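Listed below are the residues making up each chain.
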Amino acid sequence: MDLHQRYPAIADLKARARRRIPWFAFEYLDSATGTEATQTRNRRMLDEVLLMPSILHGEFTADLRTRLLGRDYALPFGISPVGMSGLFWPDAERLLARAATAAGLPYGLSTVASRRPEDVAPDLDGNGWFQMYPPRDADIRADMLARARDAGFSALVLTADVPVASRRERQTRSGLTSPPRLTPRLMAQVARCPAWALGTARLGMPRMRLIDDYAGAVTGLGSTEHAGYLLRTSPDMEYLHALRAAWDGPLIVKGVLDPRDVPALEAAGVDALWVSNHAGRQFDAAPASIEALPAICSATRLPLIFDSGIEGGLDILRALALGADFVMLGRAWHYALGALGAAGPAHLADLLTRDLHANMGQLGARSLADLPGRLAPALTPPGCSPGKPAAPPADAEPA
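Reading guide: rules and limits
Here the residue index of a chain counts from 1 through its sequence in written order. Two thresholds apply to this predicted model, a pLDDT of at least 70 for residue-level local features and 80 or more for giving and counting side-chain atom pairs, whereas whole-chain, interface and lining totals are computed over all residues. Excluding hydrogens and water, the side-chain figures rest on all heavy atoms present in the structure. We count a stretch as a helix when DSSP gives it H or I for four or more residues in a row; a strand needs E for two or more, and each element gets its number in order from the N terminus. Exposure categories follow from relative accessible area, calculated using a 1.4 Å probe and restricted to protein chains: below 20% of the type maximum is buried, above 50% is exposed, and the middle band is partly exposed. The charged-residue count follows a simple rule in which Lys and Arg add positive charge and Asp and Glu add negative charge, with His and chain termini not counted at all. Any carboxyl oxygen of Asp or Glu that lies within 4 Å of a side-chain nitrogen of Lys or Arg is treated as forming a salt bridge with it. Any pair of N or O atoms that falls within 3.5 Å is considered a polar contact. Within protein, one atom must be able to donate a hydrogen and the other to accept it, and sequence-neighbouring residues count only if both atoms are side-chain atoms. The criterion used for residue contact is that any of the two residues' heavy atoms lie within 4.5 Å. Think of it as the arc spanned by the lines of direction from the helix axis to the C-beta atoms. Under the pairing criterion, centres of Phe, Tyr and Trp rings, with the six-membered ring standing for Trp, must be within 6.5 Å; the plane angle then separates stacked pairs below 30 degrees from edge-to-face pairs above 60, leaving the rest tilted. Counting as a charge over the ring demands two things of the Lys NZ or Arg CZ atom: a distance within 6 Å of the ring centre and an angle within 35 degrees of the ring normal. Note on scores: pLDDT gives the predictor's confidence for each residue, bounded by 0 and 100. DSSP bridges decide pairing: two strands pair if at least two such bridges lie between them.

Description of the side chain of Asp 161
Then, number 1: Along the chain, the position of Asp 161 falls in the loop between strand E6 (155–159) and helix H9 (169–173).
Then, number 2: No salt bridge is formed by the buried Asp 161. Its closest oppositely charged neighbour is Lys 254, at 4.9 Å.
Then, number 3: Within polar-contact distance, the side chain of Asp 161 engages the side chain of His 278 at 3.0 Å.
Then, number 4: Apart from the residues within four sequence positions on either side, Asp 161 is in contact with Lys 254, Gly 255, Ser 276, Asn 277, His 278 and Gln 282.

Structure below.
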């Protein structure tokens with residue numbers, strides 16, 4: 001079977017995943033909060049970013065290499081941390097970690113994943129980013145950081161845009177609880193998904209194992225809450241300074257939308273900013289992440305990571321053209337797993353790579369550094385390019 005014939009786009013993977021993942025799990029993965037206006041806005045505003053085709057550049061193969069946080073990457077995208085990945089496909093975290101290592105991509109593991117840092121450590125090759133929902137207790141925080149470091153995670157991501165639980169009404173309607181409890185309604189959905197059911201029966205229902213190590217068995221929480229809410233706090237700048245002092249590797253803050261936050265983050269010693277509205281899952285009146293990106297780009301020379309709403313290689317190019325240095329995708333990798341199992345992530349990486357090459361050929365862009373110059377003139381953000389220097393090529397010596 002030629003996967004590119006049957007599944008040439010993320011939308012095709014999503015459609016098949018919807019048939020192979022129980023409805024309650026798919027709703028958790030696919031839903032946003034409120035009326036999902038922010039999720040819709042992400043898509044609409046990405047479509048507003050126009051790039052100008054350029055002709056008569058001859059034959060070339062675009063150079064997709066980039067450098068981020070002291071590491072060279074052959075591709076400008078990676079795998080975002082997603083909570084409870086194992087709910088969407090059995091053993092998702094380890095499958096994604098292996099795929100990331102095979103493709104040389106960064107893999108983000110969530111604090112509320114269904115696997116611990118130690119569980120995925122054998123499948124990483126220094127490409128792991130540990131995403132932290134900040135524990136209130138300083139001893140728990142120190143222990144989590146030590147475990148992530150000992151497991152070989154090279155970067156720490158503080159997610160700052162979840163000060164409280166969002167409501168996610170669509171997810172609530174699905175009947176999912178935390179931890180997952182298979183009611184007769186949910187069992188009927190599982191029965192229609194034999195591959196998911198067999199894999200889950202072999203491994204057991206997914207749980208937030210890292211959180212369980214600290215919280216023990218916690219029951220009776222709503223579908224948008226989990227045991228982590230009993231442990232974590234809403235971080236402030238003092239908390240960020242404590243993390244900076246405790247973590248000697250790259251530190252990334254995720255959830256940056258307001259350029260007025262940038263000076264304090266720079267002063268705290270953050271190594272990169274992650275522009276994100278949490279894909280519309282937290283707050284339904286937020287600007288699209290792509291709307292916020294140019295102003296953040298103008299406000300800093302720190303590396304910028306981007307997510308929210310990415311549905312293909314062209315969207316990756318849009319974000320890079322507007323000042324992002326790297327793009328992360330979350331849902332898409334899980335659609336790929338749901339559609340194709342263990343073969344899904346490699347197919348998605350290949351699909352995105354082909355899409356990048358095809359669109360860069362249309363733009364006459366030989367490297368990622370050419371992309372800001374391909375913005376349609378009315379959309380060129382003042383001060384963003386060339387206000388922020390392009391990332392050096394992958395073979396350049398580190399500064």
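Read on, since the account is not over.
As for helix H10 (residues 184–191)
Then, number 1: Among the residues of H10, Leu 186, Gln 189 and Val 190 are the ones counted as buried. End-on view of H10: buried residues confined to an arc of 100°, all on one side of the axis. In H10, those exposed residues whose orientation departs by more than 90 degrees from the buried face are Pro 184 and Ala 191.
Then, number 2: Contacts from the buried residues of H10 go to helix H3 (23–30) and helix H11 (194–203).

Digging into the packing of aromatic side chains
Then, number 1: Considering all chains together, one arrives at eight aromatic pairs under this definition.
Then, number 2: Plain terms: the ring middles of Tyr 73 and Phe 326 are 5.3 Å apart, the flat faces sit at 55° to each other, and that makes the pair tilted. Highlighted residues: Tyr 73 in strand E2 (residues 71–73) and Phe 326 in strand E10 (residues 326–329), separated in sequence by 253 residues. Here the two residues Tyr 73 and Phe 326 agree in accessibility, since each one is buried.
Then, number 3: Three or more aromatic residues joined by ring pairs form one cluster here, namely Trp 23, Phe 26 and Tyr 335.
Then, number 4: Above the face of the Tyr 239 ring, Arg 141 is positioned so that its terminal group lies 4.7 Å from the ring centre.
Then, number 5: Over the ring of Trp 274 we find Lys 254, and its NZ or CZ is 5.3 Å from the ring centre.

Here we look at the environment of Pro 106
Then, number 1: Mapped onto the elements, Pro 106 comes out in the loop between helix H6 (92–103) and strand E4 (107–110).
Then, number 2: Classification of Pro 106 as buried rests on a relative accessible area of 0%.
Then, number 3: The spacing of Pro 106 and Asp 125 is 19 residues in sequence and 9.5 Å in space, taken between C-alpha atoms.

Notes on the environment of Leu 322
Then, number 1: The residue Leu 322 is located in the loop between helix H17 (313–321) and E10 in this model.
Then, number 2: Judged by its relative accessible area of 4%, Leu 322 falls in the buried class.
Then, number 3: Residues Leu 322 and Arg 374, 52 residues apart in the sequence, show an inter-C-alpha distance of 10.0 Å.

Quick word on the confidence of the model for the protein
Then, number 1: Overall, the prediction assigns the protein a mean pLDDT of 89, with 86% of residues at 70 or greater.
Then, number 2: This stretch, residues 217–227, has a pLDDT under 50; its non-local contacts, to residues over four places away or in other chains, come to 31 contacts.
Then, number 3: A low-confidence stretch, residues 389–399 (pLDDT under 50), is modelled with 13 contacts involving residues beyond four sequence positions or located in other chains.

Quick word on the environment of Leu 351
Then, number 1: Inspection of the secondary structure assignment puts Leu 351 in helix H19 (residues 344–363).
Then, number 2: Taking the C-alpha atoms as reference, Leu 351 lies 8.4 Å from Ile 10; in sequence the two are 341 residues apart.
Then, number 3: Once residues lying within four places of it in the same chain are set aside, the contact partners of Leu 351 are His 4, Tyr 7, Pro 8, Ala 9 and Ile 10.

Some details on H3
Then, number 1: H3 sits mainly inside the fold: seven of its eight residues count as buried.
Then, number 2: All buried positions along H3 are accounted for by Phe 24, Ala 25, Phe 26, Glu 27, Tyr 28, Leu 29 and Asp 30.

As for the pattern of salt bridges
Pairing of side chains with opposite charge becomes possible as their charged atoms draw close.
Then, number 1: Applying the stated criterion to the full structure yields 20 salt bridges.
Then, number 2: The residue Asp 248 makes a salt bridge to Arg 149 at a minimum N-O spacing of 3.9 Å. Taken together, the residues span a long stretch of sequence, with Asp 248 in the loop between helix H14 (237–246) and strand E7 (251–256) and Arg 149 in helix H8 (residues 138–150) at a distance of 99 residues.
Then, number 3: The class of Asp 248 is exposed, set by a relative accessible area of 70%.
Then, number 4: Accessibility expressed as a relative area gives 32% for Arg 149, which makes it partly exposed.
Then, number 5: The network of salt bridges with shared partners includes Arg 43, Asp 47, Glu 311, Asp 315 and Arg 318.

Looking at the pairing of strand E5 (residues 128–132)
Then, number 1: Burial runs high along E5: five of the five residues are buried.
Then, number 2: Covered by surrounding structure in E5 are Gly 128, Phe 130 and Met 132 together with Trp 129 and Gln 131, the residues of both alternating faces.
Then, number 3: Pairing analysis gives four bridges linking E5 to E6, with the strands arranged parallel. From the neighbouring strand, Phe 130 faces E6, where its bridge partner is Leu 156.

As for unusual backbone geometry
Then, number 1: Although it is not a glycine, Glu 36 sits at a positive phi angle of roughly 65°.
Then, number 2: By secondary structure assignment, the location of Glu 36 is in the loop between H3 and helix H4 (37–48).
Then, number 3: Even without being glycine, Asp 91 reaches a positive phi, approximately 65°.
Then, number 4: The residue Asp 91 is located in the loop between helix H5 (85–88) and H6 in this model.
Then, number 5: Taking the relative accessible area as the measure of exposure, Asp 91 reaches 12% and is therefore buried.

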